[in-house]
Amino acid sequence: VPEVWQPGGTVQIRALWENLGVAPHYEPTVVLYQLYDRINRRYIWGMPSAVNLETLLPTEDTPVVVEDYFRLPNDLPPGSYELRAVVVDPQFIRRPLKLALASSRADGSYRLGNISVGD
């Protein structure tokens, strides 16, 4: 993930996904990438990834690479943000899916890093 984003620009998020379990994930989910204001901890922007977790099989030896390209809003305010990922069911009935990442937050999201939005 690039560390500096520009309002109205395009950003690429490249992720490696791997199923370390014993079965595929059978229920529909959506991976959302989200920006949170680092000062107010307020949600600012988000977009769904193209990854389909139901297709990740535990027998694969190498991670699946998923490259998402997002067009950023022109009015995205300059500032410092925390980039998070969260895996939710499309109807938001169940709690977010837990991943094998150490950066989990109380809301079920995972901190991926900090980014800056320039002028």
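As the structure is a prediction and not an experimental result, all values here were calculated from the model.

A. Summary view of the side chain of Asn 19. Position of Asn 19 among the secondary structure elements: in the loop between β2 (10-17) and β3 (30-37). Residue classification places Asn 19 among the buried residues on the basis of a relative accessible area of 16%. Among the polar contacts listed, one links the side chain of Asn 19 to the backbone oxygen of Leu 56, at a separation of 3.1 Å. With residues near it in sequence (within four places) discarded, Asn 19 still touches Pro 24, His 25, Leu 56, Leu 57 and Pro 58.

B. Main features of the packing of aromatic side chains. Evaluation of the coordinates by the stated rule reveals 4 aromatic pairs. Aromatic side chains Tyr 36 and Tyr 43 sit 5.7 Å apart centroid to centroid with 70 degrees between the ring planes, which places their arrangement in the edge-to-face category. Members of the aromatic cluster, connected to one another through ring pairs, are Trp 5, Tyr 33, Trp 45 and Phe 70. In this arrangement the basic side chain of Arg 84 is found over the ring face of Tyr 36, its NZ or CZ atom lying 3.7 Å from the centre.

C. Structural view of the nonpolar core. Among the nonpolar cores identified, the biggest contains 22 residues, and Trp 5, Trp 17, Tyr 33, Leu 35, Trp 45 and Leu 53 are the most heavily contacted of them. Secondary-structure elements contributing two or more residues to this core are β2, β3, β5 (64-71), β6 (79-88) and β7 (110-117).

D. Seen up close, unusual backbone geometry. Even without a glycine there, the phi angle at Arg 41 is positive, about 60 degrees. Mapped onto the fold, Arg 41 is located in the loop between β3 and β4 (43-48). Positive phi values are uncommon outside glycine, yet Phe 92 reaches one of about 55 degrees.

E. Looking closely at empty space enclosed by the protein. Using the criterion set out here, one finds 1 cavity of 30 Å³ or more in the structure. Empty space within the largest cavity amounts to approximately 40 Å³. Around the largest cavity, the lining residues are Trp 17, Glu 18, Asn 19, Leu 56, Leu 57, Glu 60, Thr 62, Pro 63 and Val 64.

F. Just the environment of Ser 80, in detail. For Ser 80, the location among the structural elements is in strand β6. Note on Ser 80: relative accessible area 32%, which makes it partly exposed. With 28 residues separating them in the primary sequence, Ser 80 and Asn 52 have C-alpha atoms 29 Å apart. Residues in contact with Ser 80, not counting those within four places in the same chain, are Tyr 36, Asp 37, Arg 38 and Ile 115. Within the structure, the side chain of Ser 80 is placed 3.1 Å from the side chain of Arg 38, a separation counted as a polar contact.

G. How the structure looks around the environment of Glu 82. Relative to the elements of secondary structure, Glu 82 occurs in strand β6. In contact with Glu 82, other than residues within four places in its own chain, are Gln 34, Leu 35, Tyr 36, Arg 38, Arg 41, Arg 105, Arg 111, Gly 113 and Asn 114. In terms of polar contacts, Glu 82 uses its side chain to reach the side chain of Arg 84, at 2.7 Å.

Here is what the cut-offs are and how they apply
- Residues numbered from 1 in each chain as written.
- Predicted model: local features only at pLDDT ≥ 70, side-chain atom pairs only at ≥ 80, totals over all residues.
- Heavy atoms only, no water.
- Helix = DSSP H or I, 4+ residues; strand = E, 2+ residues; numbered from the N terminus.
- Buried < 20%, exposed > 50% of the residue type's maximum accessible area, 1.4 Å probe, protein only.
- Polar contact = N/O pair within 3.5 Å; in protein donor to acceptor, adjacent residues only side chain to side chain.
- Contact = heavy atoms within 4.5 Å.
- Phe/Tyr/Trp six-rings, centres within 6.5 Å; stacked < 30°, edge-to-face > 60°.
- Lys NZ or Arg CZ within 6 Å of the ring centre and 35° of its normal.
- Core = buried A, V, L, I, M, F, W, Y, C linked by side-chain atoms within 4.5 Å.
- 1 Å grid on protein atoms, 1.4 Å probe; cavity = no way out; pocket = protein on both sides within 12 Å on 5 of 7 lines; lining within 4 Å.
- Points joined across faces, edges and corners; volume = space filled by probe spheres on them.

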